[in-house]
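# Structural features, examined
Chain by chain, the residues run as shown.
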Amino acid sequence: MQDQAIFPLFFNFACYGAVLMFAISAFFHMWSGAHSIAMLGLIVVGLPVIIIQAIKLSRTWHASAYHRALCISSYLFPVVLASYIGLSFAFEH
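Residues numbered from 1 in each chain as written. Predicted model: local features only at pLDDT ≥ 70, side-chain atom pairs only at ≥ 80, totals over all residues. Heavy atoms only, no water.

## Observations regarding the overall build of the protein
Scanning the protein from terminus to terminus reveals 3 helices and 0 strands. From first element to last, N terminus to C terminus, the protein shows the α and β order α-α-α. Dimensions of the protein, computed from C-alpha atoms along their principal axes, come out at roughly 50 × 20 × 20 Å. Sorting the 93 residues of the protein into buried and exposed places 30% on the buried side. Taking all contacts inside the protein whose residues are at least 6 apart in sequence as the whole, residues at least 24 apart take part in 69%. Accessible surface computed for the protein: about 6,200 Å², of which carbon and sulfur atoms make up 78%. (Helix = DSSP H or I, 4+ residues; strand = E, 2+ residues; numbered from the N terminus. Buried < 20%, exposed > 50% of the residue type's maximum accessible area, 1.4 Å probe, protein only. Contact = heavy atoms within 4.5 Å. Areas by Shrake-Rupley, 256 points an atom, 1.4 Å probe, with all protein chains shown as cover.)

Shown next, in the form of structure tokens:
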């Protein structure tokens, strides 16, 4: 079995956790300047890194179910982020 790809898993966890934090903060109407800086960092740094990570992980697709799940979640992250941003603008008061 190939290496477990610990950094990509941690990075996916951090990115999805940030989106969840934004969703919970928006739900309770508690948005701050720190949230805006974190969102900018997620878009400018996190999104390109996770896309590059997904491309690299697609080479290890057949290694194990772990690698497939990580690759799929990396490819789905831009969709999740775009959906969150779109829904936040759609339901803005």
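Next, the rest of the story.
## What about the nonpolar core?
With 12 residues, the main nonpolar core is built from F11, C15, A18, V19, F22, M39, L42, L47, I50, F77, L81 and Y84. Those elements that place two or more of their residues in this core are α1 (6-27), α2 (33-57) and α3 (65-90). At 5 residues, the largest contribution of residues to this core is made by α1. In this structure M39 touches F22, W31, L81 and Y84, once residues within four positions along its chain are discounted. (Core = buried A, V, L, I, M, F, W, Y, C linked by side-chain atoms within 4.5 Å.)

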